[in-house]
Amino acid sequence: MVELRDDEQALVELGGLRKAISVELVPEARVGDYVIVHVGHAIGMVDPDEAERTLALFGEMAEAVKGATP
Amino acid sequence: MKYIDEFRDGDIARRIAERLQAEVDPSRQYGFMEFCGGHTHAISRYGVNDLLPANVRMIHGPGCPVCVLPIGRIDMAIRLALDHGAIVCTYGDTLRVPASGGLSLMRAKARGGDIRMVYSAADALTVARDNPQREVVFFAIGFETTTPPTALAILRAQREGLNNFSVLCCHVLTPAAITHILESPEVSRYGTVPLDGFVGPAHVSIVIGSAPYEPFAAAYRKPVVIAGFEPLDVMQAVLMLVRQVNEGRAEVENEFTRAVDRQGNAGAQHKMAQVFAMRPAFEWRGLGEVPHSALCMRPEFAQFDAERRFDIGYSAVADNKACECGAILRGVKKPTDCRIFGTVCTPENPVGSCMVSSEGACAAHYAYGRFKDIPVRASA
Ligand code: SF4
């Protein structure tokens, strides 16, 4: 999310494209947050710590596979 | 793109695939249903099936919003445009869904119906503001993801006193549909698919949280793993399902913790509850009448309810006889089992609704999977 506007609107950027959306359903969203957008509305936010944890889980599994295969 | 590209990494995908191969029990078959059309699309587009062990089968579920919309509902929207002269606003995918008498919203538009594609419910409000002398109806479809925006639009119309705006509400509920797949009486007609578990939807779960699946998992002893929409999310979820099956567990687990928690988006749920009430029953394309599976508008909002405002009733219309969408939506048949798949029925000229949206099983298979069928058939 790159800009918060009046009337619970915000500007989001995805892969270089900017789009105006509504943040009425995610009023806690701030500039810099990652929101999940569906039909022109932010419906939820991405928790960066949890994203890292999930990625690490994939990674850990990779280690386990490496360890298991001689 | 942050939080997207990382979840599409091919090397990690192959490593999850190796892990899966190592953990599956070769003496048994696994069948998992991905409920959500977004997952159907991801699985087809990224070739996830090719990375799964041979004894793990993914079955497409009924989670594609336009696929489950019955002909009779589209007919109602067409009547509003052609007979009542209303401006009908709707999401793009809905326009091409086949309706009665060879019509679709697109074809009704060619016959003079004022039918407009909108990107969001809020855009339909703008159309109503700009056309104060016309009736404007928003044809609202979709699961719990598109429902809160519709609720916001209705609340806003009420606040603004927008008297020419109404909604044809066709919003449906995910947990009811999942339950129905396992217990409906029609299952005997189509035969059953052995389902060992479900990949739970991403967007829907952001809104409703993971808790609503818990009674289902316990009652039917089926594991549910909620997954994000990227291919790695789906693969990881399949691995988690395999582990549950191997260990004899049937729990709700969450792979998509970066966006889903147990409670979901409470604010969005509150808005939905304010505007909508449960319908006693609703007809789904392919599933028939499903009790307590859809929403209607509360009496306080009758003024904004197109069904009451125009006094249009719903009447059921049978699907095209050749179309196997019903069996496909239940996971008992594959798109290639349909005689007219890819010949008479194509995305340019869909006969059934599964061919309309890129999330539909037939359309996804047509776009990404159909060339793979050729060697398979040759060797069979
Ligand atoms: S190919 Fe077309 S007609 Fe056949 S099941 Fe799919 S959508 Fe229906």
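These numbers were taken from a predicted model, which means no experiment stands behind them.

What counts, and at which threshold
- Residues numbered from 1 in each chain as written.
- Chains lettered and ligands numbered in written order.
- Predicted model: local features only at pLDDT ≥ 70, side-chain atom pairs only at ≥ 80, totals over all residues.
- Heavy atoms only, no water.
- Contact = heavy atoms within 4.5 Å.
- Buried area = accessible area lost by both parts, 1.4 Å probe.
- Salt bridge = Lys/Arg side-chain N within 4 Å of Asp/Glu carboxyl O.
- Polar contact = N/O pair within 3.5 Å; in protein donor to acceptor, adjacent residues only side chain to side chain.
- Helix = DSSP H or I, 4+ residues; strand = E, 2+ residues; numbered from the N terminus.
- Nonpolar A, V, L, I, M, F, W, Y, C, P; charged D, E, K, R; others polar.
- Pairing = 2+ DSSP bridges.
- Axes fitted to C-alpha atoms, helices over the stretch in contact; angles between N-to-C directions.
- Near = heavy atom within 4 Å.
- pLDDT = per-residue confidence, 0-100.

(A) Looking closely at the interface of chain B and chain A. Taken together, the contact between chain B and chain A spans 38 residues of the former and 32 residues of the latter. Counting the surface lost from both chain B and chain A, the interface buries some 3100 Å², and carbon and sulfur atoms represent 68% of this. Our enumeration of links across chain B and chain A arrives at two salt bridges. Linking chain B with chain A are six residue pairs in polar contact (both at pLDDT 80 or more), by the criterion used here. Contributions of two or more residues to the side of chain B that touches chain A are made by α1 (10-23), α7 (147-160), α10 (203-208), α12 (231-247) and α13 (266-275) of chain B. Looking at the side of chain B that touches chain A, its residues break down into 19 nonpolar, seven polar and twelve charged.

(B) Geometry of the environment of Gln236(B). Position of Gln236(B) relative to the elements: it lies in helix α12. When the C-alpha atoms of Gln236(B) and Phe256(B) are compared, they prove to be 10.0 Å apart, with 20 residues separating the residues in sequence.

(C) View of the sheet that holds strand β7 (residues 197-200) of chain B. Residue and element names in this part refer to chain B. Spatially, β2-β1-β7-β8-β9 is the arrangement adopted by the five strands of the open sheet, whose pairing is parallel. Single-partner strands in this sheet number two, and they are β2 (56-63) and β9 (252-254). Each neighbouring strand pair of the sheet contributes to a mean axis angle of 25°, computed without reference to strand direction. Of the pairings in the sheet, the one linking strand β8 (residues 224-226) to β9 comprises three bridges and is parallel in character. From the neighbouring strand, Val224 faces β9, where its bridge partner is Val252. Relative to strand β1 (residues 30-36), helix α2 (residues 37-45) is tilted by about 120°, and along the sheet it contacts β1, β2 and β7.

(D) Local environment of the site of the ligand. The environment of the ligand is formed by Cys323(B), Glu324(B), Cys325(B), Ile328(B), Cys338(B), Ile340(B), Phe341(B), Cys345(B), Gly352(B), Cys354(B), Met355(B) and Cys362(B). Of the residues contributing to the shell around the ligand, the split by class is ten nonpolar, one polar and one charged.

(E) Quick peek at the confidence of the model for chain A. All names here are of chain A. Per-chain confidence: chain A averages 81 in pLDDT, with 83% of residues scoring 70 or above. Of all the helices and strands in chain A, helix α1 (residues 48-68) carries the lowest mean pLDDT, 68, while strand β5 (residues 41-45) carries the highest, 92. Counting interchain partners and residues more than four positions distant, the pLDDT-below-50 stretch residues 62-70 has five contacts.

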